[in-house]
Number of protein chains: 2
Amino acid sequence: MSFLIKPTEIEKKSFEIITQELGSRTFPAGQSEVVKRVIHTTADFDYADNLCFSEDAIDSAKQALMQGATIVTDTNMALSGINKNILAELGGSAHCFMADPEVAAMAKARGVTRAVVSMEYASKIEGNLIFAIGNAPTALIRLHELIREGACRPALVVGVPVGFVNVVESKELFLGGDTPYIIARGRKGGSNVAAAIINAIEYQLVKREGF
Amino acid sequence: MSFLIKPTEIEKKSFEIITQELGSRTFPAGQSEVVKRVIHTTADFDYADNLCFSEDAIDSAKQALMQGATIVTDTNMALSGINKNILAELGGSAHCFMADPEVAAMAKARGVTRAVVSMEYASKIEGNLIFAIGNAPTALIRLHELIREGACRPALVVGVPVGFVNVVESKELFLGGDTPYIIARGRKGGSNVAAAIINAIEYQLVKREGF
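The rules behind these values
Residues numbered from 1 in each chain as written. Chains lettered and ligands numbered in written order. Predicted model: local features only at pLDDT ≥ 70, side-chain atom pairs only at ≥ 80, totals over all residues. Heavy atoms only, no water. Contact = heavy atoms within 4.5 Å. Salt bridge = Lys/Arg side-chain N within 4 Å of Asp/Glu carboxyl O. Polar contact = N/O pair within 3.5 Å; in protein donor to acceptor, adjacent residues only side chain to side chain. Nonpolar A, V, L, I, M, F, W, Y, C, P; charged D, E, K, R; others polar. Least-squares fit on C-alpha atoms with pLDDT ≥ 70 in both. Helix = DSSP H or I, 4+ residues; strand = E, 2+ residues; numbered from the N terminus. Pairing = 2+ DSSP bridges. Axes fitted to C-alpha atoms, helices over the stretch in contact; angles between N-to-C directions. Buried < 20%, exposed > 50% of the residue type's maximum accessible area, 1.4 Å probe, protein only.

### Things to note about the interface of chain A and chain B
Taken residue by residue, the interface counts 45 residues in chain A and 43 residues in chain B. Where chain A meets chain B, there are 4 salt bridges. On inspection of chain A and its partner chain B, the count reaches 7 residue pairs in polar contact (both at pLDDT 80 or more). Here the residues of the side of chain A that touches chain B sort into 20 nonpolar, 17 polar and 8 charged.

### Notes on the relation of the copies chain A and chain B
You can overlay chain A on chain B at an RMSD of 0.0 Å; the transform is a turn of 180 degrees with a shift of 0.0 Å along its axis. Taken together, the rotation angle and the small translation identify this as a two-fold axis. When C-alpha distances to the rotation axis are compared across chain A, the minimum falls at Met-77 of chain A, with a value of 2.7 Å. Most of the interface of chain A is mirrored in chain B: 96% of its interface residues are interface residues there too.

### A short note on the environment of Ser-191 of chain B
Looking at the element boundaries, Ser-191 of chain B is found in helix α11 (residues 191-202). Distance from Ser-191 of chain B to Gly-68 of chain B, taken between C-alpha atoms, is 22 Å for residues 123 residues apart in sequence. When neighbours within four sequence positions are excluded, Ser-191 of chain B is seen to be in contact with Met-77 of chain A together with Thr-75, Met-77, Ala-78, Gly-134 and Asn-135 of chain B.

### Some words on the sheet that holds strand β3 (residues 93-96) of chain A
Residues and elements named next belong to chain A. Spatial ordering of the open sheet is given by β1-β6-β5-β4-β2-β3, a layout of 6 strands whose pairing is mixed. With partners counted over all chains shown, the strands left at the sheet margins are β1 (51-53) and β3, one partner each. If you compare each strand with its neighbour and ignore which way they point, the axes differ by 15 degrees on average. Of the pairings in the sheet, the one linking β1 to strand β6 (residues 181-184) comprises 3 bridges and is antiparallel in character. In the strand pairing of β6, Phe-53 is matched with Ile-182.

### Points about the pairing of strand β4 (residues 128-133) of chain B
Residues and elements named next belong to chain B. The buried count for β4 comes to 5 of 6 residues, which makes it a mostly enclosed element. Relative to β4, strand β2 (residues 69-73) runs parallel, the two being bridged by 5 bridges. Note on β4: the bridge partner recorded for Ala-69 is Asn-128. Examined bridge by bridge, β4 and strand β5 (residues 156-159) share 4 bridges and lie parallel to one another. Its bridge partner being in β5, Ala-132 is matched across the sheet by Val-158.

### Focus: the side chain of Arg-37 of chain B
All names here are of chain B. Position of Arg-37 among the secondary structure elements: in helix α2 (residues 31-42). A relative accessible area of 11% places Arg-37 in the buried class. Excluding residues that lie within four positions of it along the chain, Arg-37 makes contacts with Glu-11, Phe-15, Ala-196, Asn-199, Ala-200, Tyr-203 and Arg-208.

Next up, the structure:
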């Protein structure tokens, strides 16, 4: 094994393997990059079937990112995985309110999850909003309510919580709705998947060094 | 769907479902908690088959953590996912050198990955060392060399890079060796998996609120 394979070369080769193993399966332009990057992140080809896109999801997200968007995550891990350099180049920024002491105090006082309060905070942000939810079903459920109430109108909701309780149902809320969405149906997902989806859209907008 | 289910309750219920779906499959004490937490993190039952433990892995890691260990990751995402409060309670800390400008400069000058240089940095840390590698095969390969050269003697190597190039081979290097290891055989793994494994061991040592 050689150490001299560059990370860019490894990534290119990995995407070739993924494309090859997907065989005759094809996806619409823009979505294809997302599906492949999620498989690249997880080595799990189930995502070729799990990922559901609203028709306008990629275009809406691209437009928002090009204008400078605020991305809100429900974990610091997802925040950590998002390419924030490219996001900043495009005039945007990413935030997670889960570890905010004020959010924690309010959640405790009201007997709700910090994810619920985080979404309420985020809904007040002006400008283009993108949500990247990879962990908390309650974030997705509260976000769905806030949208229905007219409190916010996201350019994209990435809804990919992982798990066994409330997860499947929370994701189904968005399917077929008016809000642009990328949802991982079923139990699978995660903060890494949420970050990968955001990055896959970013990388369609900015040429990365070596690619 | 109710918002009032507490995160602790959701986690308990999730582990009940995982245990139930694992059916008659059982794992040694200490390893069982790791397998279930990784499934909890990924909703992917493949890890019940993929995860390989050296016989001394859990005991060695527990002993190191109880004495105050340094955990080194190969991504900020894994670092972000590790429960650092409990680690600090035990007198330990966690670090990632991947974004260190000095590491980047040295990697560029030598034509190697930052992961390689990161491992060399980490190998010089005194005291109990635990590696949590969820991304870079080159980190694992270089770490294996450093151990053979006697540069360091980790209390545990968590080797769970994900991907399609060099990944499978880099993980196989540790199987059956003298260094205590937890390896995810095959392509699957990730920073989230690395963090989940560390947390699953931490949570065996410290009682968490609500559990």
